[in-house]
Amino acid sequence: HALCIRWCRQFDHSISAFGSGGHHCIGDQCVGVERCRALVADVLIGGNIEKIDTYIRPDYRQHNPYVADTRDGLKQFITYLADNNIAFGYEKVHLTLGEGNFVFTQSEGIYDGAATAFYDLWRVEDGKIAEHWDVVQTIPEEFAHDNGMF
């Protein structure tokens, strides 16, 4: 199977992997998973905007309607948030899945001062992130069930 699935649940900074033998990778699939995990850790959690060029292609395509294409568009959006005192940051990655050149991350953090769930789908090309889709949802204080968001 051309499949790489890696379930990463972080509890006290420990990682458990899907499958009895850890994560399974074919070809360059783990490169994409690790590239996306590093971007989230360094930029979206760590706030190191200067590292965007390390992880993202110059011709990066964005599908979030509020962020311009290219890695410079992403830098401008993050700078805009900071300049306008709009609190933004990822705090914890709950799940990472990779298949082929696509990687999905499920994270939580803060957006505009509210607890927020971030669902990101990344497409990796030639070892760098080439495209991004996301859904951002405020985490409600009360749920109609006991399942939580993560």
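Residues numbered from 1 in each chain as written. Predicted model: local features only at pLDDT ≥ 70, side-chain atom pairs only at ≥ 80, totals over all residues. Heavy atoms only, no water.

> Even after reading the chapter, I still don't get unusual backbone geometry, so can you show me in this structure?
A negative phi holds for most residues other than glycine; trans holds for most peptide bonds. Positioned with a positive phi, N85 is a non-glycine residue whose angle comes to about 55 degrees. Relative to the helices and strands, N85 resides in the loop between helix 3 (71-83) and strand 4 (88-99). Under the relative-accessibility criterion, N85 is labelled exposed at 73%. The phi dihedral of D112 falls on the positive side, at around 50 degrees, and the residue is not glycine. Within the secondary structure, D112 sits in the loop between strand 5 (102-111) and strand 6 (114-125). Under the relative-accessibility criterion, D112 is labelled exposed at 54%. (Helix = DSSP H or I, 4+ residues; strand = E, 2+ residues; numbered from the N terminus. Buried < 20%, exposed > 50% of the residue type's maximum accessible area, 1.4 Å probe, protein only.)

> Can you help me understand the packing of aromatic side chains in this one?
Aromatic ring pairs are defined here through the distance separating the ring centres and the angle between the ring planes. The full count for this structure, using the stated rule, is six aromatic pairs. An angle of 90 degrees between the planes, with centres 6.0 Å apart, marks the rings of F88 and F118 as edge-to-face. With F88 in strand 4 and F118 in strand 6, this residue pair connects regions lying 30 residues apart in the sequence. Look at F118 and you get buried, because its relative accessible area is 2%. (Phe/Tyr/Trp six-rings, centres within 6.5 Å; stacked < 30°, edge-to-face > 60°.)

> Can you walk me through the pattern of salt bridges in this structure?
Side-chain pairs of opposite charge can arise where the charged atoms are in close proximity. According to the stated counting rule, one finds ten salt bridges in the structure shown. The salt bridge involving E34 is made with R37; its shortest N-O contact spans 3.9 Å. Residue E34 and its partner R37 are both found in helix 1 (residues 29-45); the two are separated by three residues, about one turn of the helix. A relative accessible area of 17% places R37 in the buried class. Put simply, E125 and R123 hold a salt bridge, and the shortest N to O gap is 2.8 Å. The buried category is assigned to R123, whose relative accessible area is 16%. Here the salt bridges share partners, and the residues they tie into one network are R57, D59, R123, E125, D126 and E131. (Salt bridge = Lys/Arg side-chain N within 4 Å of Asp/Glu carboxyl O.)

> Sorry, what's going on with the pairing of strand 5 here?
One face of the sheet, then the other: side chains in a regular strand alternate in exactly this way. Examined bridge by bridge, strand 4 and strand 5 share ten bridges and lie antiparallel to one another. Looking at strand 5, one finds that G89 is bridged to I110. As defined by bridge partners, strand 5 adjoins strand 6 across ten bridges and the pair is classed as antiparallel. Bridge pairing in strand 6 links T105 to D120. Taken together, strand 5 and the strand that follows it, strand 6, pair antiparallel across an intervening segment of two residues, in which D112 is found at a positive phi of about 50 degrees. (Pairing = 2+ DSSP bridges.)

> Teacher, can you tell me more about the nonpolar core here?
One recurring pattern in soluble globular proteins: nonpolar side chains tend to sit buried together. One finds L39, V43, I56, L74, W122 and I129 to be the most contacted residues of the largest nonpolar core, which totals 22 residues. Contributions of two or more residues to this core are made by helix 1, helix 2 (52-55), strand 3 (56-62), helix 3, strand 4 and strand 6. The dominant element in this core, judged by the number of residues it contributes, is helix 1, at six residues. Excluding residues within four positions of it along the chain, I56 makes contact with L39, R71, L74, K128 and I129. (Core = buried A, V, L, I, M, F, W, Y, C linked by side-chain atoms within 4.5 Å. Contact = heavy atoms within 4.5 Å.)

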